Amino acid sequence: QVQLVESGGGLVQAGGSLRLSCAASGNIFSPNTMRWYRQAPGKTREVIAGITSFGRANYADSVIGRFTISRDNAKNTMYLQMNSLKPEDTADYYCNLSWGSTNYWGQGTQVTVSS
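Residues numbered from 1 in each chain as written. Predicted model: local features only at pLDDT ≥ 70, side-chain atom pairs only at ≥ 80, totals over all residues. Heavy atoms only, no water.

Undergrad: Help me out: how do you make sense of the environment of R19 in this one?
TA: Relative to the elements of secondary structure, R19 occurs in strand β3 (residues 18-26). As a C-alpha pair, R19 and T68 span 49 residues in sequence and 9.4 Å in three-dimensional space. The contact partners of R19, leaving out residues within four places of it in the chain, are S7, G8, Y79, L80 and Q81. (Helix = DSSP H or I, 4+ residues; strand = E, 2+ residues; numbered from the N terminus. Contact = heavy atoms within 4.5 Å.)

Set out below in structure tokens:
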């Protein structure tokens, strides 16, 4: 079993910054891909960014240039540095870990950006 625990969410004003963390534990296979998703009220869940074990990163158009994804393989931890936050970034943010057809989800952490 694999467990994922997100942290770092909270309330911030527009233009501010937050750093989210996702700590993974358990029977983790490598190489793998870790991703950040978010889901706003009444909206579908969307992928925000992903990063492989080798450090290859991808971003959604909505966050490129503002968010930076990274990971520390020795700590089994993924990060999302969120800068220039906008009210439309308000959502529940979820961590995902996957390899092949196997994937795991965290419980989510709430991010609220006020205007």
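Undergrad: Whenever I open this one, the pairing of strand β1 (residues 2-7) confuses me. Can you help?
TA: Within a regular strand, side chains alternate between the sheet's two faces. The alternating pattern of β1 places V2, L4 and E6 on a buried face, while none of Q3, V5 and S7, on the opposite face, is buried. Of the pairings in the sheet, the one linking β1 to β3 comprises six bridges and is antiparallel in character. Note that in β3 the partner of Q3 across the bridge is S25. (Buried < 20%, exposed > 50% of the residue type's maximum accessible area, 1.4 Å probe, protein only. Pairing = 2+ DSSP bridges.)

Undergrad: When you look at the packing of aromatic side chains in this model, what are you seeing that I'm missing?
TA: Two numbers describe a pair of aromatic rings. These are the distance of the centres and the angle of the planes. A complete count under the given rule lists three aromatic pairs for this structure. With 5.7 Å between their ring centres and 40° between their planes, W99 and Y104 make a pair best called tilted. Classification of W99 as buried rests on a relative accessible area of 16%. In this structure an aromatic cluster arises from ring pairing among F29, W99 and Y104. Between the NZ or CZ atom of R45 and the centre of the ring of Y94, over which it lies, the distance is 3.9 Å. Here the guanidinium or amino end of R45 rests over the ring plane of W105, the centre of that ring lying 4.9 Å away. (Phe/Tyr/Trp six-rings, centres within 6.5 Å; stacked < 30°, edge-to-face > 60°. Lys NZ or Arg CZ within 6 Å of the ring centre and 35° of its normal.)

Distances and angles like these do not, on their own, reveal function.
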